[in-house]
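# Topology and contacts: notes
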Amino acid sequence: MTAQATPARTTNHVIPGPFKGAGRLWFTTFRSHILNPWNMAFALVLPLFMYAMFGMTDTARNTLTARGNVAAAMIVMMTTYGVLLVGGSLGATVSVERTTGISRMYALTPIQPWVILLARLGALMVLSAFITAIAFGFGIATGARMAAAIWAESAAVVIGLSALGALIGLACGYTIKGENAYSASAFIMVFSAFASGMFMPLDQMPSFVAHVAPFTPFYGVVQAVYAVSGGNPMSTAAWLNLAAWTLIPALIAWWGASHDTNR
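In this report, we go over the structure that sits alongside the text. (Residues numbered from 1 in each chain as written. Predicted model: local features only at pLDDT ≥ 70, side-chain atom pairs only at ≥ 80, totals over all residues. Heavy atoms only, no water.)

## Quick word on the packing of helix α4 (residues 70–92) against helix α9 (residues 180–195)
Here is the rule: Axes here mean lines fitted to C-alpha atoms, for a helix over just the part in contact, with angles spanning 0 to 180 degrees between N-to-C directions. Here a helix means four or more residues in a row that DSSP labels H or I, a strand means two or more in a row labelled E, and each is numbered from the N terminus. For classification purposes, angles smaller than 35 degrees are called roughly parallel, those larger than 145 roughly antiparallel, those between 65 and 115 roughly perpendicular, and all remaining angles oblique. In this scheme the handedness of a crossing depends on how the near helix is turned from the far one: anticlockwise by less than a right angle means left-handed, clockwise means right-handed. Whether two residues are in contact is decided by their heavy atoms: any pair within 4.5 Å suffices.
The N-to-C vectors of α4 and α9 enclose an angle of 160 degrees; their axes lie 9 Å apart at closest approach. Regarding the angle of α4 to α9, the classification is roughly antiparallel. The handedness of the crossing between α4 and α9 is right-handed. Note on element contacts: α9 touches α4 through A181, Y182, S185, M189, V190 and A193, opposite Y81, L84, L85, G88, S89 and A92.

Given below as structure tokens:
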């Protein structure tokens, strides 16, 4: 009786997709920033302190806007500043990764540059939601007043705007080596905040600032916050500013990520 040969079993090797490792990168990024006391100090303590100085007054509580009171508009603006700061810090960490060679290791994995950027931005979105919830809760407890739907709308806008801070930080991180990327990102953030009217209305500042403001990275951000929390309509210049300053650092960051892992 002739024995029949048993067909050899073949093993199918699954090629990892471009998203393999993205979840771990997202979690590592989120954990490292939320557990960093300095990041959280800039993201929460500093904005809340500034709000406490100007927003926790009888004038701010009793002065109404089209969508609430001035105290509510202030806490939304200060929260936006906080998430922009932490976004810039998050993005600038790539400078350290480039210096230590961690970014080169990405070339050995199937994860694509655009997935790296999405993972970092996704971590920032969750971190921004956490910061926004705490800041808004503090504002409500201290006299900031808006309808629930407007609070929700404001939160969505703040979380969305935080991506601009991360893109600016990523652009600095991929173009400037070492710790200088943090300094460059922080300089852009602080300069833009003052020059765009984030801390003081433009009509209360020297006239030349109003001419410079539409070209600064945060001009569109400030106008978006005024629109959602104060009811002021967004101008064409504000929309163009927001679009341009989102696209420019995004392209720089994408180019830098592609260049860093293309080895």
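## A closer look at the pattern of salt bridges
Applied cut-off: Salt bridge criterion: a side-chain nitrogen from Lys or Arg within 4 Å of a carboxyl oxygen from Asp or Glu. Partly exposed describes any residue whose relative accessible area lies between the buried limit of under 20% and the exposed limit of over 50%, with all areas from a 1.4 Å probe on protein chains only and scaled to the type maximum.
Under the counting rule described, the total for this entry stands at two salt bridges. Here D58 ties to R61 by a salt bridge, and the two come within 3.5 Å at their closest N and O atoms. Linking D58 with R61, this pair stays in helix α3 (residues 58–62), spanning three residues, or about one helical turn. Classification of R61 by relative accessible area gives partly exposed; the value is 29%.

## Quick notes on the environment of A243
Along the chain, the position of A243 falls in helix α12 (residues 236–261). As for A243 and P217, which are separated by 26 residues in sequence, their C-alpha atoms are 9.9 Å apart.

## Focus: the nonpolar core
The line we're drawing: Here, the term nonpolar core denotes a set of buried Ala, Val, Leu, Ile, Met, Phe, Trp, Tyr and Cys residues that are joined through side-chain atoms within 4.5 Å.
Of all hydrophobic cores here, the largest spans 54 residues; its most connected members are V76, I131, W151, M198, F218 and V221. Ranked by residues supplied to this core, first place goes to α4 with 12 residues. The residues contacting M198, other than those within four sequence positions of it, are M77, M78, Y81, L84, A193, F218, V221 and V222.

## Concerning the packing of aromatic side chains
Here is the rule: Working definition: rings of Phe, Tyr and Trp (its six-membered ring) pair if their centres are within 6.5 Å, and the pair is stacked with planes under 30 degrees apart, edge-to-face with planes over 60 apart, and tilted otherwise.
Enumeration according to the criterion identifies five aromatic pairs in this entry. Where F194 meets F199, the ring centres are 4.8 Å apart and the plane angle is 70 degrees; that geometry is what we call edge-to-face. On the basis of relative accessibility, which here comes to 48%, the residue F194 falls in the partly exposed class. The class of F199 is partly exposed, set by a relative accessible area of 26%. An aromatic cluster of at least three residues, connected via ring pairs, comprises Y81, F194 and F199.

## Some words on the environment of I248
Its location among the elements puts I248 in helix α12. Take I248: its relative accessible area is 40%, and that puts it in the partly exposed class. Separated by 80 residues in the primary sequence, I248 and I168 place their C-alpha atoms 8.8 Å from one another.

Remember that the coordinates give geometry; whether it matters functionally is a separate question.
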